[in-house]
Amino acid sequence: MQQEQHPALAAAAAGPSAYRAYARQWLGENLPQHMRADSLEYRTPTLDECRDWEASIYEAGLAGMTWPKAYGGLGLTLREHLVVNKEIGALAMPESVSSIGKELAGPIIQTVGTEEQKQQFLPRILAMKDYWCQGFSEPDAGSDLARLRTKAVQEGDSWRINGQKIWTSGAAKAHYCLLLTRTGTVEDKHRGLLMFAVPMDTPGIRVVPIKSIDGKESFAEVFFDNVVVPDSARLGAPDEGWNAAIRVLSIERATNRMYRAWRFECELRQLIAACKSDPELSKLLNDGHYQRRIGEVVGEISVLKGLVERTVNQMMDGEQVGARGSLIKLHWSECHQAFESLALSLVSHVTPRSSALAQRARKAFTTAYFYARAETIYAGASEVQLDIISQRIMDLPK
Ligand SMILES: Cc1cc2nc3c(=O)[nH]c(=O)nc-3n(C[C@H](O)[C@H](O)[C@H](O)COP(=O)(O)OP(=O)(O)OC[C@H]3O[C@@H](n4cnc5c(N)ncnc54)[C@H](O)[C@@H]3O)c2cc1C
């Protein structure tokens, strides 16, 4: 992206309203109709279409807002990030196909990476040239990563890695894995954890896709069998990378996919429009039961918006996010699950005689319902968030 004189920077310099107007106009004019989930012309976009769309968002100055200019970012603040996210959320556009690179690997590399690693990886993530996957969870280590077994042994200027990861999202398409290993034994628990940027085409890596309940193969088991990487693939010293990851993860819980509340609202508009397009479904909107549930969802979305906006203000004032990220993670995942249950119960009334919009909504919301089941598990399960909130925010006994 050519940063000097970029129209996005000029709009941001003119203030939040000008930047919002710029983002709204650019996204509204450029998002293809066939990528809008609320359009009758919608068809599931291919990976390449999603990549090209995200690359064009970046070229328009609507991605990498907070990343330093030296690494391809815009050097702006979380406020501009929030402005753009609200506009992204308001449109029924595809989810990012590179969120692990942009929201996890990128921030960790900015925190612990060497200058060479920052130059090598960061601009390519923003320009959608590299996909990343996150190799943290193992069959015996999910919520409790202290049980991690994947082993890294130093051999001169390189490291030999052996072990297995599971639930690795996007592993089949990834160019790099943000891999968490240990240098000692399982008894070391949280000590000696070491992070790497491992190219996925390194000999000894085997990706075995896992089919989920929605029929997709979006995650995989990844086996590391005598995988040898140079020392330059290491992200930070033992423990340093992991401690940085913990900090990034807590911020990530609060800030990743910041558009969610606005996207949930967009989905709710889509659901109501689909119901109104059909005489039988319209009747359900007059039913007190559904009106109450819709009202509850609207209330929960408003709370989520407030939480996100307050967190951005606090972070802009220099406060640490700490455990408050858990409040946001818990709230968005539980709120969206409740919404998708409501949506499924409404679209279950769609019949072959229903309107075309209602038919589309049935397909879309059935898929979304199944995916929402995972939302209270990944990025930290709800029970774990409740633990964090009770102990670290409320100071309750363990
Ligand atoms: C769609 C999806 C995508 C994912 N993508 C990735 C990825 O890309 N990379 C990656 O590394 N991982 C990924 N994961 C894995 C995810 O991080 C783990 O599933 C999650 O951390 C939970 O770990 P677990 O599955 O081992 O369950 P466990 O940790 O075994 O938990 C099982 C149950 O016990 C509960 N529990 C656990 N500990 C406690 C506690 N202390 N107190 C109370 N209850 C507790 C949990 O809440 C849960 O209900 C993904 C998962 C999903 C569903």
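Parameters at a glance
Residues numbered from 1 in each chain as written. Predicted model: local features only at pLDDT ≥ 70, side-chain atom pairs only at ≥ 80, totals over all residues. Heavy atoms only, no water. Phe/Tyr/Trp six-rings, centres within 6.5 Å; stacked < 30°, edge-to-face > 60°. Helix = DSSP H or I, 4+ residues; strand = E, 2+ residues; numbered from the N terminus. Lys NZ or Arg CZ within 6 Å of the ring centre and 35° of its normal. Pairing = 2+ DSSP bridges. Near = heavy atom within 4 Å. Polar contact = N/O pair within 3.5 Å; in protein donor to acceptor, adjacent residues only side chain to side chain. Areas by Shrake-Rupley, 256 points an atom, 1.4 Å probe, with all protein chains shown as cover. Nonpolar A, V, L, I, M, F, W, Y, C, P; charged D, E, K, R; others polar. Domains from an automatic or database assignment. Contact = heavy atoms within 4.5 Å. Axes fitted to C-alpha atoms, helices over the stretch in contact; angles between N-to-C directions. Parallel < 35°, antiparallel > 145°, perpendicular 65-115°, else oblique. Left-handed = near helix turned anticlockwise from the far one by under 90°. Salt bridge = Lys/Arg side-chain N within 4 Å of Asp/Glu carboxyl O. Buried < 20%, exposed > 50% of the residue type's maximum accessible area, 1.4 Å probe, protein only. Patch = residues over 30% accessible without salt bridge, like charges linked within 9 Å, V, L, I, M, F, W, Y side chains within 5 Å. Core = buried A, V, L, I, M, F, W, Y, C linked by side-chain atoms within 4.5 Å. Lys, Arg positive; Asp, Glu negative; His and termini not counted. Buried area = accessible area lost by both parts, 1.4 Å probe.

What am I meant to see in the packing of aromatic side chains here?
Here the distance between the centres and the angle between the planes together describe a pair of aromatic rings. Overall, the coordinates contain 10 aromatic pairs when judged by the stated rule. Judged by centre distance (6.3 Å) and plane angle (50 degrees), the ring pair of W332 and Y378 falls under tilted. Residue W332 is found in helix α11 (residues 324-347), and its partner Y378 is found in the loop between α12 (356-375) and α13 (382-393); the two are separated by 46 residues along the sequence. The interplanar angle of 70 degrees and the centroid separation of 5.7 Å between the aromatic rings of Y369 and F370 together place this pair among those described as edge-to-face. By the ring-pair criterion, three or more aromatic residues cluster together here, those being F121, W132 and Y176. Positioned above the aromatic ring of Y131, the side-chain terminus of K173 is 5.2 Å from the ring centre. The residue whose ring lies beneath K329 is Y378, and the NZ or CZ to ring-centre distance is 5.9 Å.

Would you mind showing me how to read the pairing of strand β7 (residues 219-230) here?
Residues in a regular strand project their side chains so that they alternate between the two faces of the sheet. Judged from the nine bridges that link them, strand β3 (residues 158-169) and β7 form a sheet pairing that is antiparallel. When the bridges of β7 are listed, R160 appears paired with V228. When strand β6 (residues 205-210) meets β7, the two strands line up antiparallel, connected through six bridges. In the strand pairing of β7, V207 is matched with V222.

Help me understand the site of the ligand, please; the structure alone is not making it clear to me.
Neighbouring residues of the ligand: 17 residues in total, closest Q134, S137, S143, W167 and E383. E383 is positioned with one of its side-chain polar atoms (N or O) 2.6 Å from an oxygen atom of the ligand. When isolated, the ligand has an accessible area of 970 Å², and the protein chains bury 65% of it. When the residues that make up the shell around the ligand are grouped by side-chain class, the tally is nine nonpolar, six polar and two charged. Both domains that furnish three or more residues to the shell around the ligand are identified here as domain 2 (132-236) and domain 3 (257-393).

Got a minute to help me understand the environment of I301 in this structure?
Tracing the chain through its elements places I301 in helix α10 (residues 288-316). Spatially, the C-alpha atoms of I301 and F264 are 7.2 Å apart, while their sequence positions differ by 37 residues. With residues near it in sequence (within four places) discarded, I301 still touches A261, F264, E265 and C335.

Honestly, the packing of α10 against α11 in this entry has me stumped. Any pointers?
Relative placement of two packed helices is described by the angle separating their axes and the distance separating the axes. It is the contact of α10 with α11, at a shortest axis distance of 10 Å, that shows an interaxial angle of 155 degrees. Taken as axis vectors, α10 and α11 run roughly antiparallel relative to one another. In terms of crossing hand, the pair formed by α10 and α11 is left-handed. Here α10 contributes Y290, R293, I294, V297, E300, I301, V303, L304, L307, V308, T311 and Q314 to the contact with α11, which in turn contributes R324, L327, I328, H331, W332, C335, F339, S341, L342, S345 and L346. Residues that form the contact of α10 with α11 fall into these classes: 15 nonpolar, five polar and three charged.

What's the story with the pattern of salt bridges in this structure? I'm lost.
Summed over the entire model, instances satisfying the criterion amount to 16 salt bridges. Of the charged contacts in the structure, one is a salt bridge between E309 and K86, with a shortest N-O distance of 2.7 Å. Remark: K86 occurs in helix α4 (residues 78-90) and E309 occurs in helix α10; sequence separation between them is 223 residues. Note on E309: relative accessible area 29%, which makes it partly exposed. E138 is the partner of K165 in a salt bridge, and the nearest nitrogen-oxygen pair spans 2.9 Å.

Honestly, a nonpolar patch on the surface in this entry has me stumped. Any pointers?
The grouping of I393, M394 and L396 at the surface amounts to a nonpolar patch, some 280 Å² of accessible area in total. As for its position among the elements, M394 is in the segment after α13.

Can you help me understand the nonpolar core in this one?
Within soluble globular proteins, side chains that are nonpolar generally end up buried alongside one another. Counting 54 residues, the largest nonpolar core has Y19, L27, L62 and W132 as its most contacted members. When we break this core down by domain, the ones giving at least three residues each are domain 1 (7-126) and domain 2 (132-236). The residues contacting Y19, other than those within four sequence positions of it, are A8, A11, A12, G61, L62, M65, L74, L76, E80, V83 and V84. Counting 36 residues, the second-largest nonpolar core is a separate cluster that includes L271, L284, L304 and V347.

Which parts of the structure should I look at to understand the side chain of E80?
Mapped onto the elements of the fold, E80 is located in helix α4. The buried charged residue E80 lacks any salt bridge, with R79 as its nearest oppositely charged partner at 7.6 Å. In this structure, E80 is in contact with A12, Y19 and M65, ignoring residues within four places of it in sequence.

Is there a simple way to explain the domain arrangement of the protein chain in this structure?
Many descriptions give the size of an interface as the accessible area lost when the pieces come together. Under the domain assignment, the protein chain is made up of domain 1 (7-126), domain 2 (132-236) and domain 3 (257-393). Just the C-alpha atoms count here: the centres of domain 2 and domain 3 sit 32 Å apart. Taken residue by residue, the interface counts four residues in domain 2 and four residues in domain 3. Where domain 2 abuts domain 3, roughly 330 Å² becomes buried across the two surfaces, and 72% of that area is made up of carbon and sulfur atoms. Three residues, S143, I213 and D214, lead the burial of domain 2 against domain 3; their summed loss comes to 82% of the area buried on that side. Here domain 2 is connected to domain 3 by zero salt bridges. On inspection of domain 2 and its partner domain 3, the count reaches zero residue pairs in polar contact (both at pLDDT 80 or more). When its residues are assigned to classes, the side of domain 2 that touches domain 3 shows one nonpolar, one polar and two charged.

Could you clarify how one ought to interpret the pairing of β3 in this entry?
Where strand β2 (residues 151-155) and β3 come together, five bridges link them in antiparallel fashion. For K151, the partnering residue across the bridge sits in β3 and is N162.

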